[in-house]
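Chain residues, written in single-letter form:
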Amino acid sequence: MLKLMSEDLSEEELKEIRDQFHAIDLDGNGRITVAELQTAMQKVGGGKDAAALDKIAKMMEAADLDGDGELDFDVCLHSLGVCRSQLL
Ligand SMILES: [Ca+2]
Ligand SMILES: [Ca+2]
């Protein structure tokens, strides 16, 4: 999984994203829920209002390809950058 996703990322970039993933994954189960994502965005200054939180939920929904309500690390590789650029 990581090998596939890391093809166009440097080791450094991958490490940075993995660190961010772990920072967002509050209960440390290796998957990110919409609540964890919203909490993380608020911490870094995003998700200031209901509209922003709704936007996070919508992006989460769009990124959650298998529809189980949680994001795996490989999905987050793609979505973290998008979330940050839109919300910060
Ligand atoms: Ca989690
Ligand atoms: Ca999922």
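It should be noted that the structure appears before, not after, this text.
The following refers to the structure shown. (Residues numbered from 1 in each chain as written. Chains lettered and ligands numbered in written order. Predicted model: local features only at pLDDT ≥ 70, side-chain atom pairs only at ≥ 80, totals over all residues.)

Some words on the packing of helix α3 (residues 34–43) against helix α4 (residues 50–63)
Thinking step 1. Relative orientation of the contacting elements α3 and α4 amounts to 135 degrees, with a least axis distance of 10 Å. Taken as axis vectors, α3 and α4 run oblique relative to one another. Seen from above, α3 lies across α4 with right-handed handedness. Here Val34, Leu37, Gln38 and Met41 of α3 come into contact with α4, specifically with Leu53, Ile56, Ala57 and Met60. (Axes fitted to C-alpha atoms, helices over the stretch in contact; angles between N-to-C directions. Helix = DSSP H or I, 4+ residues; strand = E, 2+ residues; numbered from the N terminus. Parallel < 35°, antiparallel > 145°, perpendicular 65-115°, else oblique. Left-handed = near helix turned anticlockwise from the far one by under 90°. Contact = placed C-beta atoms within 7 Å.)

Here's the deal with the environment of Ala52
Thinking step 1. Relative to the elements of secondary structure, Ala52 occurs in helix α4.
Thinking step 2. Given 16 C-beta atoms within 10 Å, Ala52 falls into the partly exposed group.
Thinking step 3. A C-alpha to C-alpha distance of 9.6 Å links Ala52 and Gln42, two positions ten residues apart in sequence. (Buried ≥ 20, exposed ≤ 12 C-beta atoms within 10 Å, placed from the backbone.)

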